[in-house]
Amino acid sequence: MSRGRDAALPQGEITPWIGFGLVVALALAWCTPFLWMLVAAFRPDRFGSSAMASLIPDYAPTLANFVEAWESADFARYYLNTIAICGGILLVQIVTMSLAAYAFARLKFPGRNLLFHLFLIQLMLVPIVLLVPNLRTVAQLGLYDTLAGVMAPYFATAFGTFLMRQAFQTIPVELEEAALIDGARWWDLIRHIYLPLSKPALLAFSIISVTAHWNEFLWPLMVINSPDNRPLTVGLATFTRGAEGAQAWGVIAAGTFLVIAPLLIGFAVFQRRFINSFMASGLK
Amino acid sequence: MRQFLLKGAMATLLAAALATGAAAQTKTEIELFFPVPVDGKLARDMTTMIKEFNEKHPDIVATPVYTGSYDETLIKTRAAIKAGKPPAAVIMSANFLTDLVIEGEIAAFDDLIQASGKTNDQFMAQFFPALHANAIVDRKVYGVPFHNSTPLLYYNVDHFREAGLDPDNPPKNWQELIAAAKKLTKREGDRVTRWGIMAPSNYDYGGWILQALVMSNGGRWFNEEYGGEVYYDTPSMLGAMTFWSDLVHKHKVHPAGEQKGPGVSTSFLSGQSAMMLLSTGSLTHIRDNAKFPYKVAFVPMNVRNAVPIGGASLVQPKGLDEAKRKAGWTLITWMTAPEKSGWWSRATGYFAPNKGAYELAEMKEFLAKNPDARIAIEQLAYAKPWFATYKTVAVRKAIEDELQAVLSGKKQPKEAVAAAQKAADEILRPYVEQTALKLPATN
Amino acid sequence: MAEIALAEPAVQSKRVAALRLDRRHLLGLVLLGPSLVFLAAFTYWPVVQVLWQSVHAESRAGNVYVGLSNFAAIFGDAAFRRALSNNAIYAVGTVVPSLVLALGFALSLARSNALNVVLRSILFLPVLVPLVAAASIFLFIFLPGVGLLDYYLARLGIQGANWLGDPDIALYSIMALTVWKNAGYYMLFFLAGLQAIPPESYEAATLDGASPWQRLRYVTLPYLRPTIAFVLVIALLNVVTQVDHIFVLTKGGPSDSTNLLLFYIYQQAVEHYDAGKAAAATVVSLSFLLALSAFSLRRMDAGADMEGGRA
């Protein structure tokens, strides 16, 4: 976002400063759950008193909760699985969507409009709603309880295709013509012209895709059985719930912290890019 | 890209094959699905136990697979069966066996028991009699009891003294329970700072606690012989439901609305409730975390002392090859023998289903040190089978929804039990029509 | 990127297309191939399966055609009707507050100064947290008596509530979590939308002596209309597709008061083992999604017309 543009929006004029005060108050409320998670994760006394809910940190913070969380569940393995799932999905998505986006942006072929609308259906009919038949398909393909089974329904992406098609359309067609004269083939065009020139859209899509699949729960819960194949969300959920007993809130807080920390760190580092990517994605 | 993925998968497979090496060819690899009843620590205890099993049985490699709660373990097991990858053994909530047998998903152990030179009766004789009904369906043995529980009354000794109650003389019947709970409830103005009693009423837990009240009220809940009948619209159920409702709305000694199991124990441990009805399976957790003296007692009765059993049995899905089936059976018998049974009991608080466990010296010593665990076992003399029907989870939910509505003041007990009966009959109907109501055609 | 027009590609690439028309015809279809294979396997085929299953019942004898009786069964099921009405309340009660909050946040934090960047980040944080993880934190926040909410209410001398255990409150507690989780996400779209408003419009309005509220009403909101429509669609989509928090917090209880459509489908399919009812409920949810996509496609088409027409 450009600062020049911002200047056009004098803050006080759009929202009275009372509104701004309200937003500050809400922002405080917004981070309270995180605050509690942090404080509770480092709190030594798990059950002693009713002060478990206190947001004031203890004088003697402890790592005991983290140790117990780390030992109770194989978080390292869950991380690897989640990374593999997010990475695998993204890689395949980039291939399928660039090909499709190029076709929709630059090629003319029979049924193009119909196919485009067929693609768009997936914007709404997200795989999760179809979880029952999808689970059956995954099992029939022999992908039950595999990471590939978790990934497969997401390999085609209407959203990504749509986003990339728009980006491709802004690229001057003269570039392509010049390359064609030099003897380039379609894959050269996509790899060396379209993709490099669509980096912002690609990045925006990548961030959204990774965030979505990092956070996904229900589908991997259905597909995965073996603990070795569990992603973070499923690992965390099985870890936070027992059948007949009490829960160790400090350990749960520590486990939750372990799960979300990488994304929070990533966000802290790439904050601006993150937010801009999300913003860019919003522009249809 | 797909090729790349495929290659990657093949490489992983190859590496795995190389790593396990030639020795793996003669080893039988099996999986054990298990839920964790209390907290993460037990998952580690289970891993320790299976490690020991693998060391003692060089021809078998068993992998423990933690599958969440009891309900989730059922779901995961069914999913694995459907996907053609059944585990060789599952620690299954004991009341799901009937349903699994009706759906034809688990195998009877009869041939394996005979191969070991025992009759079914001889084999089952090693377990407490109260556990037999949930393990045997149609005279066939489908489950081997692994860890079992009953509901138990936990109470805070400090709170009893403070309220002028005798901690050595806990409430024995519903009348005394109400009286004690009234004294134990503390208020600041309109705000309750300490509840007299709490009991969980969330899905799964609520039905079990309600069954304890129904049984204490002389009731049966379900037909132990036939999976198509439940007795929801009955005086014993109505009385139990009304009693629980009165604790909330009339005597105001129990918080309103649905209470979740973890919320109840957290509340008890933080001193915000003086008594609670909870599983014996939480004994170790409470013992380790209570910062105050506590005691346990039988579930107070109205008509008779009676509680349902809870906990889990080991079962084996159908569709296993012979080697895995035998290896699974080896694991099951090893885990349920007196020594391991007793060890697991001490680690969790569940009682050991194998009577032999209580003859061992370490168990006798443990019970001498922990009188609370002894009371849990004494109550076993009054224990009865856990409700188990066709589609147990759905039939259970039928009354749990009504119970939650009653505890929230949305419904009167009388209309609630009638509605629950109607809903349950509807769920049971397909099975009933194929069995009890499938009559010879008359010409 | 807002300025990108949905221009007709054939117009731009006419010369190229003319050069190698035949081969490119084929190429287009080939390039769509990989996507179409996966769409067929995981979107179109499952829809066919669900439609078929919804008029069949699974029994030990195999599948039997039962006509519309699965639909009769779900509409006769109080839990399903409850899930539908819950979903409607949940839709209104999460979408409206999220959108209003998101718009308010965006308007207040439109300028990129250091404080605003921090505030935006805070409001955005919940988006990054997996819904299950958020739910496990909120499980404690909502814990009666000892939880975060009740603990601080007690300090003010207020009796807390049984946030997740009272059928009158539980759905609203879940909705609060959803608003917390999503408002920051929608804020970003509005921030982007605000950037696209030409500064001249404000200047003109100010010269005309418009008050801040009038400027909001007559300048900002009309410009944001496409953004609002887009966010609305995303938000409604979330309403139908996200139930992770129900899993962790309530399992649809107490008394089905937090049961939502997708959770009901899951319940029927895996807990109650009733493939027919699950499929019928899926068809209901699909028809809602299709209506939603028809709505958004119309909007998109309208938008494209505005921006220069499409084929």
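On a predicted model such as this, the values are computed, not experimentally measured, just so you know. (Residues numbered from 1 in each chain as written. Chains lettered and ligands numbered in written order. Predicted model: local features only at pLDDT ≥ 70, side-chain atom pairs only at ≥ 80, totals over all residues. Heavy atoms only, no water.)

## Description of the packing of helix 16 (residues 361–369) of chain B against helix 17 (residues 371–379) of chain B
Residue and element names in this part refer to chain B. For the pair helix 16 and helix 17, interaxial distance at closest approach is 5 Å and the crossing angle is 105°. In terms of orientation, helix 16 lies roughly perpendicular with respect to helix 17. On helix 17, the residues that touch Phe-366, Leu-367, Ala-368 and Lys-369 of helix 16 are Pro-371, Ala-373, Arg-374 and Ile-377. Taken together, the residues of the contact of helix 16 with helix 17 sort by class into 6 nonpolar, no polar and 2 charged. (Axes fitted to C-alpha atoms, helices over the stretch in contact; angles between N-to-C directions. Helix = DSSP H or I, 4+ residues; strand = E, 2+ residues; numbered from the N terminus. Parallel < 35°, antiparallel > 145°, perpendicular 65-115°, else oblique. Contact = heavy atoms within 4.5 Å. Nonpolar A, V, L, I, M, F, W, Y, C, P; charged D, E, K, R; others polar.)

## Digging into the interface of chain B and chain C
If you look at the interface, chain B gives 31 residues, while chain C gives 32 residues. Together, the buried faces of chain B and chain C total about 2600 Å²; carbon and sulfur atoms form 51% of this surface. Counting across the interface, chain B meets chain C through 3 salt bridges. Put simply, C:Asp256 and B:Lys397 hold a salt bridge, and the shortest N to O gap is 2.9 Å. Across the chain B-chain C interface, the total number found is 13 residue pairs in polar contact (both at pLDDT 80 or more). At the level of secondary structure, the elements contributing two or more residues to the side of chain B that touches chain C comprise helix 3 (70–82), strand 9 (191–198), helix 12 (261–269) and helix 18 (392–407) of chain B. In terms of residue count, the dominant contributor to the side of chain B that touches chain C is helix 18 of chain B (6 residues). (Buried area = accessible area lost by both parts, 1.4 Å probe. Salt bridge = Lys/Arg side-chain N within 4 Å of Asp/Glu carboxyl O. Polar contact = N/O pair within 3.5 Å; in protein donor to acceptor, adjacent residues only side chain to side chain.)

## Here we look at the domain arrangement of chain B
A common way to report how large an interface is uses the accessible area buried once the components associate. Residues and elements named next belong to chain B. One can read the domain layout of chain B as domain 1 (2–148 + 310–380) and domain 2 (151–309 + 386–434). For domain 1 and domain 2, the distance between their C-alpha centroids amounts to 29 Å. In this complex, domain 1 contributes 33 residues to the contact, which on the side of domain 2 involves 30 residues. Across the domain 1/domain 2 interface, buried area totals approximately 2500 Å², and carbon plus sulfur atoms make up 58% of it. Put simply, domain 1 and domain 2 have 2 salt bridges between them. (Domains from an automatic or database assignment.)

## Side note on the pairing of strand 1 (residues 28–34) of chain B
All names here are of chain B. Of all 7 residues making up strand 1, 5 are buried, and the element is well covered by its neighbours. Pairing geometry for strand 1 and strand 2 (residues 60–66), over 7 bridges, is parallel. By the bridge assignment for strand 2, Thr-28 is matched with Ile-60. In terms of strand pairing, strand 1 meets strand 3 (residues 89–93) through 2 bridges, oriented parallel. Of the residues in strand 3, the one forming a bridge with Leu-32 is Ala-89. (Buried < 20%, exposed > 50% of the residue type's maximum accessible area, 1.4 Å probe, protein only. Pairing = 2+ DSSP bridges.)

## Some points on the packing of aromatic side chains
Evaluation of the coordinates by the stated rule reveals 46 aromatic pairs over all chains. Centre to centre, the rings of B:Phe123 and B:Phe127 are 6.0 Å apart; their planes meet at 70°, and the pair counts as edge-to-face. Three or more aromatic residues link up through ring pairs in this structure, and these residues are A:Phe104, A:Phe109, A:Phe116, A:Phe119 and A:Phe162. Across the ring face of C:Tyr273, the terminal group of B:Arg78 is positioned such that the distance to the ring centre comes to 4.1 Å. (Phe/Tyr/Trp six-rings, centres within 6.5 Å; stacked < 30°, edge-to-face > 60°. Lys NZ or Arg CZ within 6 Å of the ring centre and 35° of its normal.)

## Focus: the sheet that holds strand 6 (residues 144–149) of chain B
Residue and element names in this part refer to chain B. An order of 2-1-3-13-6 is seen for the 5 strands of this open sheet, with the pairing classed as mixed. Two strands bound the open sheet, and with one partner strand each, they are strand 2 and strand 6. Across the sheet, the mean angle from the axis of one strand to that of its neighbour is 20°, orientation sign disregarded.

## With respect to the environment of A:Phe155
Along the chain, the position of A:Phe155 falls in the loop between helix 8 (147–151) and helix 9 (158–169). Expressed as a C-alpha distance, the spacing of A:Phe155 and A:Pro57, which sit 98 residues apart in the sequence, is 45 Å.

## Things to note about unusual backbone geometry
With an omega of -10°, the peptide bond running from C:Gly253 to C:Pro254 counts as cis. Inspection of the secondary structure assignment puts C:Pro254 in the loop between helix 12 (244–249) and helix 13 (261–271). Look at B:Asp138: it is not a glycine, yet its phi comes out positive at around 50°. If you trace the backbone, B:Asp138 turns up in the loop between strand 4 (136–137) and strand 5 (140–141). Unlike most non-glycine residues, C:Lys251 shows phi in positive territory, near 55°.

## Considering the environment of A:Cys31
Looking at the element boundaries, A:Cys31 is found in helix 3 (residues 17–41). Counting along the chain gives 77 residues from A:Cys31 to A:Lys108, while the straight-line C-alpha distance between them is 51 Å.

## Examining the interface of chain C and chain A
Contact with chain C, which involves 124 residues of that partner, is made by 117 residues of chain A. Among the residues of chain C in contact with chain A, C:Leu31, C:Phe42 and C:Leu128 are the three that bury the most area, contributing 7% of the side total. At the junction of chain C with chain A, the criterion picks out 0 salt bridges. The interface formed by chain C and chain A holds 5 residue pairs in polar contact (both at pLDDT 80 or more) in total. The biggest single contributor to the side of chain C that touches chain A is helix 3 (residues 21–53) of chain C, with 23 residues. Split by residue class, the side of chain C that touches chain A holds 85 nonpolar, 24 polar and 15 charged.

## Quick look at the pattern of salt bridges
Enumeration over the complete set of coordinates arrives at 27 salt bridges over all chains. A salt bridge links A:Arg106 to A:Glu176, with the nearest nitrogen and oxygen atoms 3.7 Å apart. Taken together, the residues A:Arg106 in helix 5 (residues 75–106) and A:Glu176 in helix 10 (residues 173–181) connect sequence positions 70 residues apart. The residues A:Arg106 and A:Glu176 share a single accessibility class, namely buried. Where B:Arg374 meets B:Glu378, a salt bridge forms, and the shortest distance between an N and an O atom there is 3.5 Å.

## Side note on the sheet that holds strand 10 (residues 273–279) of chain B
All names here are of chain B. What the 5 strands build is an open sheet, ordered 8-9-10-7-11; its pairing is mixed. Pairing within the sheet leaves two strands with one partner each, and these edge strands are strand 8 (186–188) and strand 11 (294–297). Mean inter-strand twist for the sheet, computed between neighbouring axes without regard to direction, equals 25°. Along the sheet face, helix 10 (residues 205–216) touches strand 7 (151–156) and strand 10 and points at about 100° away from the line of strand 10. Lying on the sheet, helix 12 is in contact with strand 7, strand 9, strand 10 and strand 11; it crosses strand 10 at an angle near 140°.

## A closer look at the environment of A:Gln122
For A:Gln122, the location among the structural elements is in helix 6 (residues 112–124). For A:Gln122, the contacting residues outside a window of four places in its chain are A:Pro127, A:Pro153, A:Ala156, A:Thr157, A:Ala158, C:Leu39 and C:Thr43. At 3.0 Å, the side chain of A:Gln122 forms a polar contact with the backbone oxygen of A:Ala156. At 2.8 Å, the side chain of A:Gln122 and the backbone nitrogen of A:Ala158 are in polar contact.

## Description of the confidence of the model for chain C
Residue and element names in this part refer to chain C. Mean pLDDT for chain C: 82, with 87% of residues reaching 70 or above. No element of chain C has a lower mean pLDDT than helix 1 (residues 9–12), at 47, and none a higher one than helix 5 (residues 78–108), at 93. Note that pLDDT drops below 50 for residues 1–12; the model gives that stretch 29 contacts with residues more than four away or on any other chain. We note a pTM of 0.86 for the whole complex and an ipTM of 0.84 for its interfaces. (pLDDT = per-residue confidence, 0-100.)

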